[in-house]
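Notes for the structure review
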Amino acid sequence: MNRHLLSINDLTKSDALTILNTAETLARASDGPMKKLPTLRGRTIVNLFAEDSTRTRISFEAAAKRLSADVINFSAKGSSLSKGESLKDTAQTLQAMGADAVIIRHNASGAAHTLAKGEWMSGSVINAGDGTHEHPSQALLDAFTIRKHCAHGNEDLTGLRIAIVGDILHSRVARSNVALLTMLGAKVVLVAPPTLLPIGVDSWPAEVSYDFDSVISEVDAVIMLRIQIERMTEMYLPNAREYSRFFGLDKDRLVRMKTNAIVMHPGPMNRGLEISAESADSARSVIIEQVKNGVSVRMAILYLLLAGTAELEI
Ligand code: NCD
C-alpha cells in the first residue's frame, strides 16, 4: 500500500479489497464490548479541514479515536491557512508538531497532492476531498456498503450495475466512485442533464444516460448526488422543480427499483431536490448506514497506512 491515499489510483484492486476486508473486521470489533482498540496509541493525526464538512471530519475523528490515536482538529477558518499561509508552511508546522498523518479537505483540486508531493512531512496524507477532484474514503465506504448489501457474499462487485445520479460535474464523490466501483468489477451508469456532466466524460469507464426512468429499474444501487450550488458559477439547471422531475429520486421511481436495490447519498442531502424525503427515509435507504460504515472504513485506512503490516489484534 502507498504511504498516502490521495486518489483511488493510489490503490490496486488488492489494496482496495484489503481495506474493505479490514473494515469488516474492525466493524465487528466496534459492535463488540471493546469499542476502542489500542492500535494507534501514541500516534498523532491532524484533521486539516479548509472547507466545510460535518460527517467526513467527525468520521475521521471517530475512526482515529477508536484506534486510540491523538487527534488535532485544525479548521482553516481562523487559522493561518485562511490568512494566506502556504500549504508548505502549514505542512512544516504540522511536521514540527509530530503529525503521523494529515487528513486534508480543501477547495482546491490537487491540494492533497501538493501536500504529499512536497515531501515537507514524513507522515501520510489522506485526501478527504479536494475541490471537484477526488474523495477516495467516500468511494471506499460506498463500495463497502454496496458489497455488504448487493454482492451476495462475493469479494468484489462483479455483475453489479450502479447508477450515480445528479451533479457529476462538481462531484469528487462521482470521480472516485467511478474509478473504484469499476476497478471492483461493477458497471457504472452516470445519469445527469448534459449541463451537469464534465467535458471528457466519454473517456470515463462509465456509461452515460440522460434518462433516469430507463435506468432506475435496472440497477442494484443508486447513488444520488447533492446539487452543489456553492460550486456553481453560472446557471446549470432550468429550475429546481424541473430538475426534481427528471433527475430526482421520488416515490414513483423508488417503487420501480429492483427488489433488493439500495438507495445511497453521501450527504448532506437537499431533501426535495435530488431526493424526496420518502426516498431518503425508505426501507431501501442505507444513507445512515453509510455514515456508520464510514467510520469502520476510515479506521481501516488509518490502520493500514499507519500500522502497516502489523497483524490486527482484536
Ligand atoms: C461530499 C463531499 O463533501 O464531497 N460529502 C461528504 O463528504 N459527506 C458530497 C457533497 O458535499 O455533496
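Residues numbered from 1 in each chain as written. Predicted model: local features only at pLDDT ≥ 70, side-chain atom pairs only at ≥ 80, totals over all residues. Heavy atoms only, no water.

1. With respect to the pattern of salt bridges
To keep things clear, this is the line we draw: Note on definitions: salt bridges are taken to be side-chain nitrogens of Lys or Arg within 4 Å of carboxyl oxygens of Asp or Glu. Strands are runs of DSSP state E lasting at least two residues, helices are runs of H or I lasting at least four, and both sets are numbered from the N terminus onward.
Applying the stated criterion across every chain, the model contains 17 salt bridges. A salt bridge links Arg147 to Glu24; the shortest N-O distance between them is 3.1 Å. Here the residue Arg147 occupies a position in helix H5 (residues 136-150), and Glu24 occupies one in helix H1 (residues 13-31), the gap between them amounting to 123 residues. Taken together, the shared-partner salt bridges connect Arg57, Glu61 and Lys65 into one network.

2. Description of the packing of helix H2 (residues 55-66) against helix H11 (residues 287-307)
For clarity, the cut-off: Axis lines are fitted to C-alpha atoms, over the contacting stretch for helices. Their N-to-C directions set the angle, which ranges from 0 to 180 degrees. For classification purposes, an angle smaller than 35 degrees is called roughly parallel, one larger than 145 roughly antiparallel, one from 65 to 115 roughly perpendicular, and anything else oblique. Crossings are classed by handedness, with left-handed meaning an anticlockwise turn of the near helix from the far one by less than a right angle and right-handed meaning a clockwise turn. Throughout, a contact is declared for two residues whenever any of their heavy atoms are within 4.5 Å. Amino acids are sorted into nonpolar (Ala, Val, Leu, Ile, Met, Phe, Trp, Tyr, Cys and Pro), charged (Asp, Glu, Lys and Arg) and polar (every other residue, Gly among them).
Where H2 meets H11, the closest approach of the two axes is 8 Å, and the angle between their N-to-C directions is 55°. The angle between H2 and H11 falls in the class oblique. Between H2 and H11 the crossing geometry is right-handed. Contacts from Arg55, Thr56, Ser59, Phe60, Ala62, Ala63, Ala64 and Arg66 in H2 reach Val291, Gly294, Val295, Arg298, Met299 and Leu302 in H11. Class assignment for the residues of the contact of H2 with H11 results in eight nonpolar, three polar and three charged.

3. Focus on H1
The line we're drawing: Here the expected span of a helix is defined as 1.5 Å times the quantity of residues minus one. Throughout, exposure labels follow a simple rule: accessible area from a 1.4 Å probe, protein chains only, divided by the maximum for the residue type, with under 20% read as buried, over 50% as exposed, and the rest as partly exposed.
Here H1 spans 27 Å end to end across 19 residues, near enough to the 27 Å set by a 1.5 Å rise per residue. Here H1 has its buried residues at Asp15, Ala16, Leu17, Ile19, Leu20, Thr22, Ala23, Leu26, Ala27, Ala29 and Ser30. On its buried face, H1 is in contact with H2, H5, helix H6 (172-183) and H11.

4. A closer look at the packing of aromatic side chains
Think of a pair of aromatic rings as described by two things: how far the centres are apart, and how the planes are tilted against each other in angle. For clarity, the threshold we go by: Any Phe, Tyr or Trp ring, taking Trp's six-membered ring, that has another such ring centre within 6.5 Å forms a pair; planes under 30 degrees apart are called stacked, those over 60 apart edge-to-face, and the others tilted. Whether a charge lies above a ring is judged from NZ of Lys or CZ of Arg, which has to be within 6 Å of the ring centre and within 35 degrees of the ring normal.
Following the criterion strictly, the structure yields one aromatic pair and no others. Just above the ring of Phe60 sits the side chain of Arg298; from NZ or CZ to the centre is 4.9 Å.

5. Some details on the domain arrangement of the protein
Spelled out, the test is: Residue ranges assigned to each domain were obtained from an automatic or database domain assignment. Buried surface area refers to the total accessible area, computed with a probe of radius 1.4 Å, that the two partners give up upon joining, counted for both partners together. Between N or O atoms, a polar contact is any pair within 3.5 Å; within protein, one atom must be a potential hydrogen donor and the other a potential acceptor, and residues adjacent in sequence are included only when both atoms are from side chains.
Here the protein is described as being made up of domain 1 (8-133 + 294-306) and domain 2 (136-291). At the junction of the two partners, domain 1 supplies 27 residues and domain 2 supplies 27 residues. Interface of domain 1 and domain 2: buried area, both sides summed, is about 2,400 Å²; carbon and sulfur atoms make up 61% of it. At the boundary of domain 1 and domain 2, one finds three salt bridges. Between Lys13 and Asp156 there is a salt bridge, with the nearest N and O atoms lying 2.8 Å from each other. Taken together, the connections running from domain 1 to domain 2 amount to ten residue pairs in polar contact (both at pLDDT 80 or more). Only H1, H2, strand E3 (101-106), strand E4 (124-130) and H11 provide two or more residues apiece to the side of domain 1 that touches domain 2. Among the elements that take part in the side of domain 1 that touches domain 2, H1 stands out by supplying eight residues, more than any other. For the side of domain 1 that touches domain 2, the class distribution of residues is eleven nonpolar, nine polar and seven charged.

6. Considerations on the site of the ligand
Heads up, the rule is: Any residue with a non-hydrogen atom lying within 4 Å of a molecule or strand is treated as near it. Working definition of accessibility: Shrake-Rupley area with a 1.4 Å probe, residue cover restricted to the visible protein chains. Any residue with an atom within 4 Å of a point lines the site, the site being either a cavity, points on a 1 Å grid over the protein atoms alone where a 1.4 Å probe fits but cannot get out, or a pocket, an open set with protein on both sides within 12 Å along at least 5 of 7 lines. Put plainly, a molecule is in a cavity or pocket when over half of its atoms are within 2 Å of the grid points there.
Around the ligand, the surrounding shell consists of Arg55, Thr56, Arg105, His135, Gln138, Arg172, Val173, Arg226, Gln228, Pro266, Gly267 and Pro268. Within the side chain of Arg105, one N or O atom sits 3.1 Å away from an oxygen atom of the ligand. Taking Pro266, its main chain carries an N or O atom lying 3.1 Å from a nitrogen atom of the ligand. Relative to its unbound accessible surface of 310 Å², the ligand loses 94% to contact with the protein. Of the pockets mapped on this structure, the ligand occupies the largest pocket. Broken down by secondary-structure element, the contributors of at least two residues to the shell around the ligand are H2 and H6. Among the residues making up the shell around the ligand, the classes are represented as three nonpolar, five polar and four charged. Taken together, domain 1 (8-133 + 294-306) and domain 2 (136-291) each give at least three residues to the shell around the ligand, which thus spans both.

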